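Spelled out from the first residue to the last, the chains are:
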Amino acid sequence: MVIKVFLATSSGSTAIKKKQQDVVGFLEALKVEYTQLDIACNEENRMWMRQNVPEEKKPANGIPLPPQIFNEEGYCGDYETFFDAKEENSVYNFLGLAPPPGSKEVPVEERNGDAHGEEEQAADEEEGEGEGEGTEEVAEEGETADDEDVEGETADDEEVEGETTEDMEEEGEAVEETDEAPEDTQAQAEEEEEQEEEEAEVQEEEEAE
């Protein structure tokens, strides 16, 4: 990949010259290979640069000013975006190049991967919290069901106790009736004996007559 820097070597603007020197000097400091393309002396270079700068990156008058930076045919940016990348320590990403070994710059892919990983982690945490809440709700429902079962068992026990009490009362009444029955039988027997004695006395009196 070849980095192309479009410059105007004979520009009368001091600001443009300074910006061009900043870009070239920084690329040389990073030991990035690049090619300078002069638009002041080469109409073809000027036309190619103007045609390949994206419309949304062009100024209001539609004429982009140097320096403009490309990676082969791909547009990288102008001086302002280059300066921002330098401040953010992401010049290699700006140029579309892989950072060399030992560089503190993190490749774009890894940045995106880390961001994606953080999003997944956040989603997993939220899902875990949701599952935890669901488990708590299930546990609460289970406890409520258990409480209802205990209440039901208590009610059943009370019913059994009530039935037992009724049975005991019925048994008591039956015992009382049983106790009364022998007394009636004994009285009846005594009456029969008295009646027999009276009949015997009457019979003796008749015989005596």
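Residues numbered from 1 in each chain as written. Predicted model: local features only at pLDDT ≥ 70, side-chain atom pairs only at ≥ 80, totals over all residues. Heavy atoms only, no water.

1. Comments concerning the overall build of the protein chain
The secondary structure content of the protein chain amounts to 5 helices and 4 strands. Along the protein chain, helices (α) and strands (β) appear in the sequence β-α-β-α-β-β-α-α-α when read from the amino end. A separation of at least 24 residues holds for 54% of the contacts in the protein chain among residues at least 6 apart in sequence. In the form shown here, the protein chain has an accessible surface area of approximately 15500 Å², with 46% of it arising from carbon and sulfur atoms. (Helix = DSSP H or I, 4+ residues; strand = E, 2+ residues; numbered from the N terminus. Contact = heavy atoms within 4.5 Å. Areas by Shrake-Rupley, 256 points an atom, 1.4 Å probe, with all protein chains shown as cover.)

2. What about a negative patch on the surface?
Negative charge collects at one region of the surface, where E190, E191, E192, E193, E194, E196 and E197 lie side by side. Assignment of secondary structure puts E197 in helix 5 (residues 108-208). (Patch = residues over 30% accessible without salt bridge, like charges linked within 9 Å, V, L, I, M, F, W, Y side chains within 5 Å. Salt bridge = Lys/Arg side-chain N within 4 Å of Asp/Glu carboxyl O. Lys, Arg positive; Asp, Glu negative; His and termini not counted. Charge placed at Lys NZ, Arg CZ, Asp CG, Glu CD.)

3. Re the environment of V91
Here V91 shows up in helix 4 (residues 91-95). Assessed through its relative accessible area of 5%, V91 is described here as buried. For the pair formed by V91 and T81, sequence separation is 10 residues and the distance between their alpha carbons is 9.7 Å. Not counting residues within four places of it along the chain, the set of residues in contact with V91 comprises F26, L30, F82, A85, K86 and E105. (Buried < 20%, exposed > 50% of the residue type's maximum accessible area, 1.4 Å probe, protein only.)

4. Regarding the environment of V2
Relative to the elements of secondary structure, V2 occurs in the segment before strand 1 (3-7). Look at V2 and you get partly exposed, because its relative accessible area is 34%. Sequence separation between V2 and F70 is 68 residues, and the spatial gap between their C-alpha atoms is 8.3 Å. Every residue in contact with V2, bar those within four places of it in the chain, is listed here: T35, F70, N71 and E72.

5. Remarks on the pairing of strand 2 (residues 34-38)
Inspection of the sheet shows strand 1 paired to strand 2 by 5 bridges, in the parallel sense. When the bridges of strand 2 are listed, K4 appears paired with T35. As a crossover connection, the stretch from strand 1 through helix 1 (residues 14-29) into strand 2 is right-handed. (Pairing = 2+ DSSP bridges. Right-handed = clockwise from strand over helix to strand, strands pointing away.)

6. A closer look at the pattern of salt bridges
If you walk through the whole model with that rule in mind, you get 5 salt bridges. For K18, the salt bridge is made with D22, and the minimal N-O distance between the two is 3.4 Å. Taken together, the positions of K18 and D22, both in helix 1 and 4 residues apart, correspond to about one turn of that helix. Classification of D22 by relative accessible area gives partly exposed; the value is 23%. Note that E55 is salt-bridged to K58, the shortest N-O span being 3.1 Å. The exposed category is assigned to E55, whose relative accessible area is 59%. A relative accessible area of 17% places K58 in the buried class.

7. Here we look at the confidence of the model for the protein chain
In low-pLDDT regions, the fine details of the predicted coordinates are not to be read closely. Confidence in the prediction for the protein chain averages 76 pLDDT; 56% of positions are at 70 or higher. When pLDDT is averaged over each element of the protein chain, strand 3 (residues 68-71) comes out on top at 98 and helix 5 at the bottom at 58. (pLDDT = per-residue confidence, 0-100.)

8. Remarks on the packing of aromatic side chains
Describing an aromatic ring pair means giving the distance of the ring centres and the angle of the ring planes. Taken as a whole and assessed by the stated rule, the structure comprises 7 aromatic pairs. On the basis of an interplanar angle of 85° and a centroid distance of 5.9 Å, the ring pair of F26 and F82 is categorised as edge-to-face. Of this pair, F26 sits in helix 1 while F82 sits in helix 3 (residues 79-87), and the two are 56 residues apart along the sequence. Assessed through its relative accessible area of 24%, F26 is described here as partly exposed. Pairwise contacts between aromatic rings join F6, W48, F70 and Y75 into one cluster. Its guanidinium or amino end placed over the ring of W48, K4 lies 5.1 Å from that ring's centre, counting from NZ or CZ. The ring of F26 carries the charged tip of K86 above its face, separated from the ring centre by 5.2 Å. (Phe/Tyr/Trp six-rings, centres within 6.5 Å; stacked < 30°, edge-to-face > 60°. Lys NZ or Arg CZ within 6 Å of the ring centre and 35° of its normal.)

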